Amino acid sequence: MLRDLVLKPVYKSDTDNILVEFYLPALSTASRYDRAVGFFSAATLSYAAQALSNFVRNDGQIRLVLGAFCDQSDLDAVLNGYRLKEISEQLGRELLAQISGVSDALFQNRIETLAWLVAHGRLEVKIALRPNGMYHDKIGIITDKRGDAIVFAGSANESIHALLPAYNYESIDVFPSWKGELAGYYKPHAESFERLWTNQSRGTAVLDIPTAVKEHLVAISRSLDYVPDPDIELAIATRMPLAQDGAERQSMRPTEPLTINGQPYKVRDHQLEALENWRAKGDFHGILDLATGAGKTVTAIHAIVKLAEKIKGLVCVVAVPYQNLADQWCDSLSAYNIFPIRCYVSKDQWEDALRVAVHETNIGARVFTAVVVVNRTLKTPEFQDCLSQIKAERLLWIGDECHHHGSSSFLGSLPLNSRYRLGLSATPDHYLDQSRNQRLQAYYGDQVFHYTLAQAISDKVLTPYDYHPHVIELTVDETDAFFELSAQIGKLFAKTSGGGDELSTPLKALLMRRSRLIASCANKLPVLAHLVEAQGPTGHTLFYCGDGSVENDDDADNIFEQRQIEAVSELLDRAGWDISRFTSREPRKDRATILENFRVGVIDAMVAIRCLDEGIDVPACATAFILASSRDPRQFVQRRGRILRRAPGKKRATIHDFIVVVPESYGEHEEYAKRLIVDELKRVAEFAKLSENRSEAYDALRDTLRRYDLEHAL
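These figures come from a predicted structure and were not determined experimentally.

(A) Examining the overall build of the protein chain more closely. Counting its secondary structure elements, the protein chain contains 27 helices and 25 strands. Scored against the burial criterion, the 714 residues of the protein chain give a buried share of 55%. A sequence separation of at least 24 residues applies to 77% of the contacts in the protein chain between residues at least 6 apart. With the model as given, the accessible surface of the protein chain reaches about 31300 Å², and the carbon-plus-sulfur share is 49%.

(B) Layout of the sheet that holds strand β23 (residues 605-608). The strand order across the open sheet built from six strands is β18-β25-β24-β19-β23-β22, with neighbouring strands paired in parallel fashion. At either margin of the open sheet sits one strand with a lone partner, and together these are β18 (465-473) and β22 (579-582). Averaged over all adjacent pairs, the angle separating strand axes in this sheet is 15°, with direction ignored. Here strand β19 (residues 541-544) runs beside β23; their pairing, made up of four bridges, is parallel. Residue Leu542 lies in a different strand from β23, and its bridge partner there is Met606.

(C) Examining the packing of aromatic side chains more closely. Following the criterion strictly, the structure yields 13 aromatic pairs and no others. Taken together, a centroid distance of 5.6 Å and an interplanar angle of 55° make the contact between Phe482 and Phe483 tilted. Pair check on accessibility: Phe482 and Phe483 agree, each one buried. By the ring-pair criterion, three or more aromatic residues cluster together here, those being Tyr11, Phe22 and Phe152. Its guanidinium or amino end placed over the ring of Trp197, Lys126 lies 4.4 Å from that ring's centre, counting from NZ or CZ.

(D) The sheet that holds strand β13 (residues 341-343), seen in detail. Taken in spatial order, the seven strands of this open sheet run β13-β14-β12-β15-β16-β11-β17, and their pairing is parallel. The open sheet has two free edges, formed respectively by β13 and β17 (447-451), since each of these has just one partner strand. If you compare each strand with its neighbour and ignore which way they point, the axes differ by 15° on average. Its contacts with the sheet put helix α15 (residues 351-362) on β12 (314-320), β13 and β14 (368-374), and the angle it makes with β13 is roughly 130°.

(E) Structural context of unusual backbone geometry. The backbone of Asp283 sits at a positive phi, close to 50°, despite the residue not being glycine. Structurally, Asp283 is set in the loop between α12 (269-280) and β11 (285-290). Accessibility expressed as a relative area gives 45% for Asp283, which makes it partly exposed. The backbone of Lys460 shows a phi angle near 65°, a positive value even though the residue is not glycine.

(F) Quick look at the nonpolar core. Within the largest apolar cluster, 117 residues are counted, with the highest numbers of intra-cluster contacts made by Trp278, Leu288, Trp329, Ile398 and Phe543. Sequence-distant contacts of Phe543, defined by excluding residues within four places in its chain, comprise Leu528, Val532, Val568, Leu572, Trp577, Ala605, Met606, Val607, Ala608, Phe625 and Leu627. The next biggest cluster of nonpolar side chains, apart from the first, holds 43 residues, and it includes Tyr33, Val56, Val174 and Leu207.

(G) Examining the pairing of strand β7 (residues 171-176) more closely. Burial runs high along β7: five of the six residues are buried. Pairing of strand β1 (residues 10-12) with β7, which is carried by three bridges, proceeds in the antiparallel orientation. The residue bridging Tyr11 from the neighbouring strand is Ile172, located in β7. Here five bridges tie strand β6 (residues 149-154) to β7, and the two strands are oriented antiparallel to one another. Residue Val151 lies in a different strand from β7, and its bridge partner there is Phe175.

(H) Molecular detail of the confidence of the model for the protein chain. Per-chain confidence: the protein chain averages 80 in pLDDT, with 80% of residues scoring 70 or above. Taken as a whole, residues 240-251 scores under 50 in pLDDT and shows eleven contacts with residues more than four places along the chain or in a different chain. Contacts of residues 552-560 to residues separated by more than four positions or lying in other chains number eight contacts, the stretch itself having pLDDT below 50.

What counts as what
Residues numbered from 1 in each chain as written. Predicted model: local features only at pLDDT ≥ 70, side-chain atom pairs only at ≥ 80, totals over all residues. Heavy atoms only, no water. Helix = DSSP H or I, 4+ residues; strand = E, 2+ residues; numbered from the N terminus. Buried < 20%, exposed > 50% of the residue type's maximum accessible area, 1.4 Å probe, protein only. Contact = heavy atoms within 4.5 Å. Areas by Shrake-Rupley, 256 points an atom, 1.4 Å probe, with all protein chains shown as cover. Pairing = 2+ DSSP bridges. Axes fitted to C-alpha atoms, helices over the stretch in contact; angles between N-to-C directions. Phe/Tyr/Trp six-rings, centres within 6.5 Å; stacked < 30°, edge-to-face > 60°. Lys NZ or Arg CZ within 6 Å of the ring centre and 35° of its normal. Core = buried A, V, L, I, M, F, W, Y, C linked by side-chain atoms within 4.5 Å. pLDDT = per-residue confidence, 0-100.

Below is the structure:
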């Protein structure tokens, strides 16, 4: 209630923020607001009641009187009851012209709120006419449900220049009704407003709001797809000084830089061709299958810039799987004068900003908005609500690593109201799950452009590389477990054959257990130890580990399990390497520091599990040891692209790959053993065929290939 507020008797704009310190708290408790101000203009109508949307929330009533210029003949005509329609229509045309001519965000928000209140019978507006001048008083009465009231009067019209301290020097005096000693100030103002409202003020004629204006406001209200909200109004009001003129708003449009990372900026031919296919073949729907490192981010941002030039109010939403990738996108966008709303971490840090941005866009007060969202946030009700309010013809949806969106968990979360849809992935197809592939295509459209790793190396977009496979045998216990899991997997595959493309949960679990078993093969560690000791600590090196455990028998009487990443880290530490782990267990801020330390050479190496598989740029990486890799081509293709990115001084990359096989003595399970090497060879063949030392890869695997009659596979 009003009595609970701490109010000053006088507010002056050189020491007070009249909007924030007086209007907003007082009106947030009000049930009725009477206001009379001069200056018949669109701005007057817009600002004539601060925090109007509070009256939507509080079931409040407003009576508003606006001053207007007229001459003596017009006033006489109104007072004598003739030419009333003519003068009212003239005033209505003037006001409608001004409403149509102003487009700042706060004005639009207030007009929509006024419209809602008028349409719902909660706001009455009248026009005050004076001879050879205008009604110029500035009084207001705020009343709460208890019946207490505050009268205020002073120099301040209710415009942005009057109410915010950055503009005019203004002041208001405040008189609470519950302070009897102030009755001599309070009552004259309250009584003068009642005379004005009932058209009994001497020398002043008061008209109802012109019919054309009322009809226009009602039409606006009917078109609204939201209920006015005071939080939105406050957010717009407080940011208004940051956008004082059209030139500054214009500067917030996306622009392409002259340089990036110190190099002249240039969109490559394959990137331009990709976007042309997206436009021509897919009608702005489609997936770009670009080799990892081939510049899919730059390609997409170029599309953003070009569409923003054509579409006023474009909203670009970039969806990514992880926070590190989201941060990377935000950094890349900043080079193009794009500063997105970061929809990740806590919703308290993005929800209000996103709602305001969507609202301002929908009312035509915002020329461009960018949003970066992680997939987890994408599915939340708060984000979905904001997303649904964006007009289809203004929404550009970009799915980075879009293959994630083929999962059934995203059904209903991807915006169907997006006119423009761009999917980005180096590996859009899932190698086992056709249902995922179909869902992905149903949303994004066809793969409209392909740019292979071979093309990227040939075009010098990526670096050439040497490939060194190392054959590793499973231990006896690992082999027994491998065969047992393979048998169970075979039975489940047989049961589900013909039952659709979706893998069952039990089958997925068994495949994951077998994958972890292969990834964490204990015999990899001795081979790795030999390699790193021979090489010595080397900067810009990556070690990819599995997320399983290995047996550690340093103490023969105390064999225990240890995560592979821990075992590898200890091995490297003993060998004198300066390393950092890069996993989901490291805090987000620490990961950014680790990446920077790796780039500048503060550390020799990073030991990672999966966090570097998608999207994260580590162009400085020159050597990689792949101790663990799944059967999914998506993973090893992504990893190879990570390693082959160009960087200053980097002429060639080196990849060490650990290939797991069954010991030769297990002849009775030869079929399972052959399947294992066949699966591993898919990766080997893919890596070897484009390497600079392809014949060496064949030589390293010659005996194993002959054993299973697979020499043709390489």
